[in-house]
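# Coordinates in review
Residue strings, one per chain:
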Amino acid sequence: MIDNQQKRTEGAAGTTDAQKAPQLQPKDIHKEFNGNTVLSDISLDVNAGEVVAFIGPSGAGKSTLLRCVNYLETPSSGDLLIDGKPTVKIASKPTRNELMNLRRQVGMVFQSFNLFPHISVLRNVALPQERVLGRSRKEAEERAMELLTRVGLGDKADARPSKCSGGQQQRIAIARALALDPEIMLFDEPTSALDPELGGEVLAVMQELAATGMTMLVVTHEMSFARRVSDRTVFMADGRIVEQGAPEQVFGAPREARTKKFLEAVLER
Amino acid sequence: MIEAIPFLLQGLGTTVIITFGSFLIGAFCAVPLALARLSDIAPLRWLATAYIEVVRGIPPIAWMLVLFYGLGRYVTLPPLLAACLALGAVSTAYLAENYRAGIQAVAGGQWEGAGALGLSKGDTFWRVIAPQGIGVALPPSASYAVGLLKDSAVASVIGVSDIAFRALTLNQQGNPGLPIFLAAGVVYMVVSVPMAVLARKADTFIRTRSAV
Amino acid sequence: MFEQWIQWLPGLLTGLQTSLAVTGLSLLLGLPLGLLFAFGMISRTRILRQATILIVELGRGIPLLVVLYVVYFGLPDGGIVLESFAAAVVAIAFNTGAYTSEIFRAGLLSVPRGHIEAAQSLGLNWTDEARYIVLPQALRAIVPPLMSYSVIVFQATSLGYAIALPELLNSAYQIGSVTFEFLSVFILAGLIYAALSIVVSRFVDAIHSKTAH
Ligand SMILES: Nc1ncnc2c1ncn2[C@@H]1O[C@H](COP(=O)(O)OP(=O)(O)OP(=O)(O)O)[C@@H](O)[C@H]1O
Ligand SMILES: [Mg+2]
């Protein structure tokens, strides 16, 4: 197991040089659904290689924020910067090209896996590479096989997703996203639909990924995972970031009463 | 052209008569047919099934010609009656299937429950099963009535003076066909669209009510 | 009676060929139209959506026979003259498009939202998403009702009688008007309609109960 403490200090050392902008910067992201404000002016700096965990009560806007980062939801206003450059000129009106570019750099893993049920596991991982990156079928399937083996599922390549357990499906979904060589990975409650044991398999894969230096934004209800693996924990409530900091601080000595109350309620269970 | 509109509209009554007439025939005759279809007596069940399958397998316009020309040798039916009977025979088959679905949707436990209370079979059916089944059978039957309105245009081929027939007549008298037939189409729409909306409303109403 | 039937059968089968040809061509043109209408109905462009809904409502609200009259008797006023065969195909194809658009739409909407989001988050473009993810899955929900609908199309070809298309019903009528055996020949024609319709329906049911497992 990699000591994330150590990794973080290395990461921090790497970004001390002032010229380098954070890799991902949502700036004043505001989102409304039919007049209801769900995110109010969220700003965040995420450095390359950083693992940021988002925790908070249901309805806090965690999923919405994550979905704004790859434009599955279009922010009502705000900016989304990658490497200091805006990804979308007019935040509320992304062009097709801007979306394609953004999504090439950002991979996403969903709570409900969302594997395509009508094609094999291998094709699930290979098809997007062929269509999005223009890789040949052979190349794409080789890369798919490599990633499936890495998540421990090389033997499932020819099976249909429905023949795999939930934990296996989620690992396949991770492989599928990784196959496109994203720079940033988003995880929206990747283990919530899983039994603890199967969730463990997925968390292990994610922890390994974190150790490779992937930038990760993880919405999770797994407090121990957030505490153990994240470099930074962000607590959200009511569409705002209430507090953020090193996990030891947020979990060990929360500054805000709202955070304290939430953690007490969650950790009691 | 404008003078043609009243002439066309006079056909609306006939169209409505065919629609309602054949729907009434169907709604009524479908009851024994649905019961026969679910009967314990095998030959009765087979006969009912055969009627339903065969009648639905033959297009309404063919029934129209059978009753009008086919029976013409034996009895001469007025075209309007022939049209109502033909579409009535067809709607009997379709509505019987709706009724059957309604009856079968009521849980088997209801029969047993009513039986345990000492209700007779007839009482059980009419007082327990049928009222519950209506919710299931009504919405598709209402949409069927909308379909029947459109099928009624077929009566024009045996000379029933409905909207379609009057449009055809006007055209043959030398009026331009395009506006005439489009006007006829609009008249049908004016009746069928509200009917369809009503049918959909009834459907959602019954669904939400029975969901509680 | 059976001797007569055997005598009439060749004539009726020629008519049946026409009926089947109209059925096939109407489906060939009507189904893509239905898919197009379905995309139009779920389009995000409001004008497109409303225009499509209007066309579809017209196709569903006007009796097919009247549509047939429009195409056969009405279009010549606009300079478009179609013979009965082409007129029947055009009218029935339009009708098919209007009715099957609902089947396509339901099929497209049956694909879970999450799969579409997954496709988008992977960066697939609109056409790839439709071609590789949405349509293959939607087809499962679409094919059985479309096969049932083909029976309706087949039966609808009998309306060709009204514009003197020499299809099955008209062939029966022609034989009747020569022999005056209307009842007998209509029964035979009816049996042919019923036999084909029942066989195809049974086949669809069989497939349906098989895929339901
Ligand atoms: N498509 C939508 N339309 C309308 N309201 C929405 C939509 N998506 C989310 N919301 C609302 O936005 C708010 C935030 O939702 P979001 O899913 O982001 O919360 P969350 O923090 O992820 O909660 P959970 O822990 O339950 O997943 C909720 O009040 C929700 O009802
Ligand atoms: Mg969420």
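Calculation rules
- Residues numbered from 1 in each chain as written.
- Chains lettered and ligands numbered in written order.
- Predicted model: local features only at pLDDT ≥ 70, side-chain atom pairs only at ≥ 80, totals over all residues.
- Heavy atoms only, no water.
- Helix = DSSP H or I, 4+ residues; strand = E, 2+ residues; numbered from the N terminus.
- Buried < 20%, exposed > 50% of the residue type's maximum accessible area, 1.4 Å probe, protein only.
- Lys, Arg positive; Asp, Glu negative; His and termini not counted.
- Charge placed at Lys NZ, Arg CZ, Asp CG, Glu CD.
- Pairing = 2+ DSSP bridges.
- Contact = heavy atoms within 4.5 Å.
- Axes fitted to C-alpha atoms, helices over the stretch in contact; angles between N-to-C directions.
- Near = heavy atom within 4 Å.
- Polar contact = N/O pair within 3.5 Å; in protein donor to acceptor, adjacent residues only side chain to side chain.
- Nonpolar A, V, L, I, M, F, W, Y, C, P; charged D, E, K, R; others polar.
- Parallel < 35°, antiparallel > 145°, perpendicular 65-115°, else oblique.
- Left-handed = near helix turned anticlockwise from the far one by under 90°.
- Salt bridge = Lys/Arg side-chain N within 4 Å of Asp/Glu carboxyl O.
- Buried area = accessible area lost by both parts, 1.4 Å probe.
- Phe/Tyr/Trp six-rings, centres within 6.5 Å; stacked < 30°, edge-to-face > 60°.
- pLDDT = per-residue confidence, 0-100.
- Expected span 1.5 Å × (residues − 1).
- 1 Å grid on protein atoms, 1.4 Å probe; cavity = no way out; pocket = protein on both sides within 12 Å on 5 of 7 lines; lining within 4 Å.
- Points joined across faces, edges and corners; volume = space filled by probe spheres on them.
- Core = buried A, V, L, I, M, F, W, Y, C linked by side-chain atoms within 4.5 Å.

Looking only at helices and strands, one finds eight helices and zero strands in chain C. When its helices and strands are written in sequence order, chain C yields α-α-α-α-α-α-α-α. With the C-alpha coordinates of chain C rotated into their principal frame, the extents come out at 70 × 50 × 25 Å. Across the 213 residues of chain C, 51% fall into the buried class. In chain C, which carries 10 positive and 11 negative side-chain charges, the distance between the mean positions of the two groups comes to 17 Å.

What follows deals with the sheet that holds strand S5 (residues 85-86) of chain A. Residues and elements named next belong to chain A. Read from one edge of the open sheet, four strands run S2-S1-S4-S5, paired in antiparallel fashion. Unpaired on one side and paired on the other, strand S2 (36-42) and S5 mark the two borders of the sheet. Where strand S4 (residues 77-82) and S5 come together, two bridges link them in antiparallel fashion. Across the sheet, residue leucine 81 finds its bridge partner in S5, namely proline 86. Relative to S2, helix H2 (residues 62-69) is tilted by about 65°, and along the sheet it contacts strand S1 (24-33), S2 and S4.

This part covers the site of ligand 1. All names here are of chain A. In the vicinity of ligand 1, the contacting residues are Phe33, Val38, Pro57, Ser58, Gly59, Ala60, Gly61, Lys62, Ser63, Thr64, Glu189 and His221. Within the contact set of ligand 1, an oxygen atom lies 2.5 Å away from a side-chain nitrogen or oxygen of serine 58. Glycine 61 is positioned such that a nitrogen or oxygen atom in its backbone is 2.9 Å from an oxygen atom of ligand 1. Of the residues forming the shell around ligand 1, the biggest block, three residues, is contributed by H2. Taken together, the residues of the shell around ligand 1 sort by class into four nonpolar, six polar and two charged.

It is worth spelling out the packing of helix H3 (residues 60-70) of chain B against helix H4 (residues 79-105) of chain B at this point. Describing two packed helices takes the angle between their axes plus the distance from one axis to the other. All names here are of chain B. Their axes nearest at 9 Å, the elements H3 and H4 cross at an angle of 135°. With respect to H4, the element H3 is oriented oblique. In this structure, the crossing between H3 and H4 has a hand that is right-handed. Contact with H3, carried on its side by Pro60, Trp63, Met64, Leu67 and Phe68, involves Pro79, Ala82, Ala83, Leu85, Ala86, Leu87 and Val90 of H4 and no other residues of that element. For the contact of H3 with H4, the residue count by class is twelve nonpolar, no polar and no charged.

What follows concerns the pattern of salt bridges. A full pass over the atoms with the stated rule returns 19 salt bridges over all chains. Of the charged contacts, one joins A:Glu141 and A:Arg123 as a salt bridge, the two residues approaching to 2.7 Å between their closest N and O atoms. Pair noted here: A:Glu141 is in helix H5 (residues 137-150) and A:Arg123 is in helix H4 (residues 121-133), with a separation of 18 residues, a long-range link. Two residues, C:Glu117 and C:Arg113, come together in a salt bridge whose shortest N-O distance is 3.9 Å. Here the residue C:Glu117 and the residue C:Arg113 both occupy positions in helix H5 (residues 113-121), the gap between them amounting to four residues, near one helical turn. Residue classification places C:Glu117 among the buried positions, given a relative accessible area of 9%. Each of A:Arg67, A:Glu73, C:Arg113 and C:Glu117 takes part in a single network of salt bridges with overlapping partners.

Okay, the interface of chain A and chain C next. The partner chain C presents 18 residues to the 21 residues of chain A that form the contact. Counting each side, the surface lost to burial between chain A and chain C is near 1,800 Å², with a carbon and sulfur contribution of 64%. Along the contact surface separating chain A from chain C lie two salt bridges. The salt bridge partner of C:Asp128 is A:Arg131, with a shortest N-O separation of 3.0 Å. At the junction of chain A with chain C, the criterion picks out six residue pairs in polar contact (both at pLDDT 80 or more). For the side of chain A that touches chain C, the secondary structure elements donating two or more residues are helix H3 (96-105), strand S6 (106-109), H4 and helix H6 (166-178) of chain A.

A few words now on the packing of aromatic side chains. Residue and element names in this part refer to chain C. Here the structure, examined in full by the defined rule, presents 17 aromatic pairs over all chains. With a centroid separation of 5.7 Å and an interplanar angle of 55°, the aromatic rings of phenylalanine 39 and tryptophan 126 are classed as tilted. Of the two residues, phenylalanine 39 is situated in helix H1 (residues 2-41) and tryptophan 126 in helix H6 (residues 126-156); the sequence distance between them amounts to 87 residues. Assessed through its relative accessible area of 25%, phenylalanine 39 is described here as partly exposed. Tryptophan 126 gets classed as exposed once you look at its relative accessible area, which sits at 53%.

Before going further, it helps to spend a moment on the sheet that holds strand S3 (residues 51-55) of chain A. Residue and element names in this part refer to chain A. In space, the six strands of this open sheet follow the order S6-S7-S8-S3-S9-S10, with mixed pairing throughout. Here the strands that pair on one side only, and so sit at the sheet edges, are S6 and strand S10 (240-245). Averaged over all adjacent pairs, the angle separating strand axes in this sheet is 20°, with direction ignored. Examined bridge by bridge, S6 and strand S7 (residues 184-188) share four bridges and lie parallel to one another. Its bridge partner being in S7, valine 106 is matched across the sheet by isoleucine 184. In the packing of H2 onto the sheet, contacts are made with S3, S6, S7, strand S8 (215-219) and strand S9 (232-237), and the angle to S7 comes to roughly 150°. Sheet contacts for H3: S6 and S7; angle to S6, the most-contacted strand, approximately 70°.

All names here are of chain C. The predicted model of chain C averages 93 in pLDDT, with 99% of residues at 70 or higher. Looking over chain C, one finds the lowest element-wise mean pLDDT in helix H8 (residues 182-211), namely 90, and the highest in helix H4 (residues 84-110), namely 96. Reported confidence for the predicted complex is 0.89 by ipTM and 0.80 by pTM.

With that out of the way, let us pick up helix H7 (residues 196-211) of chain A. Residue and element names in this part refer to chain A. Here H7 is 16 residues long and its end C-alpha atoms lie 22 Å apart, about the 22 Å a rise of 1.5 Å per residue gives. All of the buried residues in H7 are Gly199, Val202, Leu203, Val205, Met206, Gln207, Leu209 and Ala210. Directly beyond the C-terminal end of H7, a positive phi value near 95° is found at glycine 213.

Let us now look at the layout of surface pockets. The volume enclosed by the second largest pocket comes to roughly 1,100 Å³. Surrounding the second largest pocket, 29 residues form its lining, C:Arg44, C:Ile116, C:Gln120, C:Trp126 and C:Glu129 being those nearest its centre. For the lining of the second largest pocket, the elements supplying multiple residues, two or more each, are H3 of chain A together with H4, H5 and H6 of chain C. Here the lining of the second largest pocket is built from residues that sort into 15 nonpolar, six polar and eight charged.

Within the largest apolar cluster, 99 residues are counted, with the highest numbers of intra-cluster contacts made by B:Met64, B:Val157, B:Ile158, C:Leu12, C:Tyr69 and C:Leu169. With residues near it in sequence (within four places) discarded, C:Leu12 still touches C:Leu168, C:Ser171, C:Ala172, C:Ile175, C:Val185, C:Leu188, C:Ala189 and C:Ile192. One finds A:Ile42, A:Val88, A:Leu102 and C:Ile133 within the second-largest nonpolar core, a separate group that totals 41 residues.

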